[in-house]
Amino acid sequence: MDNNHETTATKPEGLEQDELIIQQHREIEKEISDSILLIGQKEELTSLETEYINDPVYLTKIQDLNKKYKCMRRARPDGNCFFRSFAFAYFEYLMDHNEEYKHFKERALKSKDELISCGFTQFTLEDFHDTFMEVVNLIGEGQHEKLYDTFNMQGYSDYVVVYLRLITSGQLQKDAEFYKHFIEGDRTVVEFCHQEVEPMFKESDHIHIIALSTALNVGVRVRYMDRGESSEAIAHDFPEGSPVCVHLLYRPGHYDILYSR
Amino acid sequence: MNNIATQRIKREFKEVIKSEELAKCSIKVDLIGDSYTELKGEIAGPPDTPYEGGTFFLEIKVPETYPFNPPKVRFMTKIWHPNISSVTGAICLDILKDQWAAAMTLRTVLLSLQALMAAAEPDDPQDAVVAKQYKEYPEIFAKTASHWTNVYAGGPNKNSEFDTKIQRLIDMGIERDQARGALSTYNWDLERATEQLFS
């Protein structure tokens, strides 16, 4: 009977399709992870030119960026690139800004209880928090190389990403009245957090950036490199008007780190 | 298995073990052997559902990439439910697919499955046959699910009418589980089940 039952209608076709798609995703992910570091070494902006050789719009924008930024680092395009780039760029910045580092560390320590009161399971949260703080403490040691290596260790790196996702989710939920207006589709802020913020590998949008930069009070400037008419990659600052300490490059679907001149 | 996954599972064990659901015997997780990659879950059928009184076992496989990817979970106990394959035990539940988050735990999974047993989502089915019955013949669905719970999960409700029909098919040389599956599929219409089995 098993066979008959299975072929008659146990699974609607869409579902097998789902599984195939998931499997294909995994394969693509693996290919990417085998070839691109979580956080790459610094490189010249002109290295982007090879990707857009026949594209005058992008080439003009790269030249403009090259005047404003001395180099970039690529992040692995795995859906976590905003969070990972943000964390690395900001931690690097904090290494050279001791006062701000102290403030951030206090803020990070306090975030644990705030998130637990937000309803996250205590022990998983503690787990992420402890690992996050381990990496935060590295900033105090001031060794850039060590920070870089840690961000390229999948475990540590992903724990940092998870924790930032939780902080983002916490901020969205805390200020749900405000953020609910920016959520597409018929869903609540909590649903949005469950579907688009907390799961790993889910890509980030403006709303993620606004929430995270607000939660940590860190100014982020994103340079948008797209097909728009302008000859420069337009900048957006989050939260608006705050002093910028993290610079990111956005190309459709992906974030990398920029270093200003 | 990498360290993160193992450490995490070890910590989760403590969590499930001390949780209050365990005290109420509603969920449980056991190790299989010494490795933390394969576990056995146990869920009590929720009250006021056709699954009440049954005990359902789950196969839980923990991937290397846990907790960043979800555990692979499947019912080992046969169950009649729109979101669970009556043949393979495969489960359709968002948090086991693209809505898994690393902050979730095995306890979250088991409680979500228990909630799914109490409130099926027939519009997002794993087993289309069961989902159709659930929507079109809710009473037959409830009786069938309760019967399966009795037979496979140790539930209390024996159904002698169903047993008689199954026996009729067994007398014709059909194997017992196969007979039950066919009758369940055809809303216990003996004639149609027979037709399908011998076609």
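Fair warning: this is a prediction, and the values are worked out from it, not measured in the lab.

(A) Representation of the packing of aromatic side chains within the structure. Applying the stated criterion across every chain, the model contains 28 aromatic pairs over all chains. For the ring pair Phe 91 of chain A and Phe 132 of chain A, a centre distance of 6.0 Å and an interplane angle of 65° mean the geometry is edge-to-face. One end of the pair, Phe 91 of chain A, is in helix H4 (residues 81-95); the other, Phe 132 of chain A, is in helix H6 (residues 122-141), with 41 residues separating them in the sequence. Of the residues examined, Phe 132 of chain A reaches a relative accessible area of 1% and is grouped as buried. Stacked on the ring of Tyr 259 of chain A, the Lys or Arg Lys 42 of chain A has its end atom at 4.5 Å from the ring centre. Positioned above the aromatic ring of Tyr 152 of chain B is the side chain of Lys 78 of chain B, whose terminal nitrogen or guanidinium carbon lies 5.9 Å from the ring centre.

(B) Molecular detail of the pairing of strand E1 (residues 27-32) of chain B. All names here are of chain B. Pairing of E1 with strand E2 (residues 35-44), which is carried by six bridges, proceeds in the antiparallel orientation. Along E2, the bridge assignment pairs Lys 28 with Glu 42. Between the end of E1 and the start of E2, which pair antiparallel, lie two residues, with Gly 33 showing a positive phi angle near 70°.

(C) Structural view of unusual backbone geometry. The amide bond that connects Phe 238 of chain A to the next residue, Pro 239 of chain A, takes the cis arrangement and shows omega of -20°. Take Pro 239 of chain A: it is sitting in the loop between strand E4 (234-238) and strand E5 (244-251). Of note, the bond from Tyr 66 of chain B into Pro 67 of chain B is cis; its omega dihedral lies within 30 degrees of zero at 0°. The residue Pro 67 of chain B is located in the loop between strand E3 (55-61) and strand E4 (72-75) in this model. In the Ramachandran plot, Asn 217 of chain A falls in the positive-phi region, its phi being about 55° despite a non-glycine side chain. Looking at the secondary structure, you find Asn 217 of chain A in the loop between helix H11 (206-216) and strand E3 (219-224). In this structure Asn 217 of chain A comes out as exposed when scored by relative accessible area, which is 63%.

(D) Region of the structure containing the UniProt feature "active site" (unreviewed entry) in chain A. Residue and element names in this part refer to chain A. Following the UniProt record, the feature "active site" (unreviewed entry) maps to Asp 78, Cys 81 and His 254 here. Look at the named residues: they lie 177 residues apart in sequence, but the longest C-alpha span between them is just 8.9 Å, so in the fold they bunch up. Its place among the elements puts Asp 78 in the loop between strand E2 (69-75) and H4. The residues contacting Asp 78, other than those within four sequence positions of it, are Leu 38, Arg 84 and Phe 201. Looking at the secondary structure, you find Cys 81 in helix H4. By relative accessible area, which is 4% here, Cys 81 ends up buried. Every residue in contact with Cys 81, bar those within four places of it in the chain, is listed here: Ala 75, Arg 76, His 254 and Tyr 255.

(E) Spotlight on the UniProt feature "site: Interacts with free ubiquitin" (unreviewed entry) in chain A. All names here are of chain A. Mapped onto this numbering, the UniProt entry gives "site: Interacts with free ubiquitin" (unreviewed entry) at Ile 210, Tyr 224, Asp 226, Tyr 250 and Tyr 255. Looking at the secondary structure, you find Tyr 224 in strand E3. When its relative accessible area of 10% is taken as the criterion, Tyr 224 is described as buried. Among all residues touching Tyr 224, those that are not within four sequence positions of it are His 206, Ala 233, Ile 234, His 236, Phe 238 and Tyr 250. Among the polar contacts listed, one links the side chain of Tyr 224 to the side chain of His 206, at a separation of 2.8 Å. The topology assignment puts Asp 226 in the loop between E3 and E4.

What counts and how
Residues numbered from 1 in each chain as written. Chains lettered and ligands numbered in written order. Predicted model: local features only at pLDDT ≥ 70, side-chain atom pairs only at ≥ 80, totals over all residues. Heavy atoms only, no water. Phe/Tyr/Trp six-rings, centres within 6.5 Å; stacked < 30°, edge-to-face > 60°. Helix = DSSP H or I, 4+ residues; strand = E, 2+ residues; numbered from the N terminus. Buried < 20%, exposed > 50% of the residue type's maximum accessible area, 1.4 Å probe, protein only. Lys NZ or Arg CZ within 6 Å of the ring centre and 35° of its normal. Pairing = 2+ DSSP bridges. UniProt positions renumbered as here; feature names shortened; annotations may be inferred. Contact = heavy atoms within 4.5 Å. Polar contact = N/O pair within 3.5 Å; in protein donor to acceptor, adjacent residues only side chain to side chain.

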